[in-house]
Amino acid sequence: QVQLVESGGGLVQAGGSLRLSCTASGSIFSINAMGWYRQAPGKQRVMVAAITSGTRTNYADSVKGRFTISRDNAKNTVYLQMNSLKPEDTAVYYCAAEKLSVGTYWGQGTQVTVSS
């Protein structure tokens, strides 16, 4: 089992910044990739950004140039730096960890609200 604990959400004005953190614990060996997803009210959960164990990154088109994902392997932590936030970025943000041949583990989610 992998446990994921997120932090860093909150309320921010449009144009502001937030940094989300997600720390993994438990059976963390063989985690292939970690990422951030978000789910707005009434919408499906979608990928925001992901990073592999080799630090290859992938971003949703809607956040390219504004969000940056990074990881600190020594701390088993992945970060999401969010700049130039927009009201449409408002959602619950979930951390995810993928283990090949096992599946995906999810954090409990953290609310991000961007006011206009």
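See the structure printed just above.
All values reported here derive from a predicted model rather than from experimental measurement.

Cut-offs and rules
Residue positions are given per chain, counting from 1 as you read along its sequence in written order. In keeping with the model being predicted, local features are shown solely for residues with a pLDDT of at least 70 and side-chain atom pairs are shown and tallied solely at 80 or more, while totals for entire chains, interfaces and linings include all residues. Only heavy atoms go into the side-chain values, all of them from the structure, while hydrogens and water stay out. Comment: elements are numbered from the N terminus, with helices defined as DSSP H or I runs of at least four residues and strands as E runs of at least two. Any two residues whose heavy atoms approach within 4.5 Å at even a single point are treated as in contact. For the exposure calls, accessible area comes from a 1.4 Å probe over protein chains only, and a residue counts as buried if that area is under 20% of its type's maximum, exposed if over 50%, partly exposed in between. Positive charge is attributed to Lys and Arg, negative charge to Asp and Glu, and no charge count is given to His or to the chain ends. The term salt bridge refers to a side-chain nitrogen of Lys or Arg lying within 4 Å of a carboxyl oxygen of Asp or Glu. Distance and chemistry together define a polar contact, namely a pair of N or O atoms within 3.5 Å, with one atom able to donate a hydrogen and the other to accept it when in protein, and with adjacent residues in sequence counting only for side-chain atoms on both sides. Only strands that DSSP links by at least two bridges are regarded as paired with each other. Here the axes come from fitting lines to C-alpha atoms, over the contacting stretch only for helices, and the angles between their N-to-C directions go from 0 to 180 degrees.

Q: Can you tell me about the environment of Gly103, naming the residues and giving the values?
A: Note on placement: Gly103 falls in strand S10 (residues 103–106). In this structure the C-alpha to C-alpha distance between Gly103 and Gly35, which are 68 residues apart in sequence, comes to 13 Å. Not counting chain neighbours up to four residues away, the residues in contact with Gly103 comprise Ala97 and Glu98.

Q: Lay out the side chain of Glu6 with the relevant residues and their values.
A: Structurally, the position occupied by Glu6 is in strand S1 (residues 2–7). One buried charged residue, Glu6, forms no salt bridge at all, with the nearest opposite charge on Arg45 at 7.7 Å. One polar contact links the side chain of Glu6 to the main-chain amide nitrogen of Cys95, over a distance of 2.6 Å. Within polar-contact distance, the side chain of Glu6 engages the backbone nitrogen of Gln108 at 3.0 Å. If we skip the residues at most four places from it in the chain, Glu6 touches Ser21, Cys22, Trp36, Tyr93, Tyr94, Cys95, Gly107, Gln108, Gly109 and Thr110.

Q: If you had to explain unusual backbone geometry to someone new, which residues and values would you point to?
A: A positive phi is found at Asn76, a non-glycine position, where the angle reads about 55°. Along the polypeptide, Asn76 turns up in the loop between strand S7 (67–72) and strand S8 (77–82). In this structure, Ser84 is a non-glycine residue whose phi angle is positive, near 50°. Considering the arrangement of structural elements, one finds Ser84 in the loop between S8 and strand S9 (91–99). Note on Ser84: relative accessible area 40%, which makes it partly exposed.

Q: Any details on the sheet that holds S8? Residues and values, ideally.
A: Strand order in this open sheet of 4 strands is S1-S3-S8-S7, and the pairing throughout is antiparallel. At either margin of the open sheet sits one strand with a lone partner, and together these are S1 and S7. Each strand axis lies, on average, 15° off the axis of its neighbour in the sheet, ignoring direction. With 6 bridges connecting them, S1 and strand S3 (residues 18–26) associate as antiparallel partners. Note on S3: the bridge partner recorded for Val2 is Gly26.

Q: How would you explain the pattern of salt bridges if you had to name every residue and give the values?
A: For side chains bearing opposite charge, pairing can occur when the charged atoms are close. Evaluation of the coordinates by the stated rule reveals 3 salt bridges. Linking Asp61 and Lys64 is a salt bridge whose minimum nitrogen-to-oxygen distance equals 3.1 Å. Residue Asp61 is classed as exposed on the basis of its relative accessible area, which comes to 64%. Salt-bridge contacts for Arg66 lead to Asp89; the nearest nitrogen and oxygen are separated by 2.7 Å.

The values reported here are purely geometric and, on their own, carry no functional implication.
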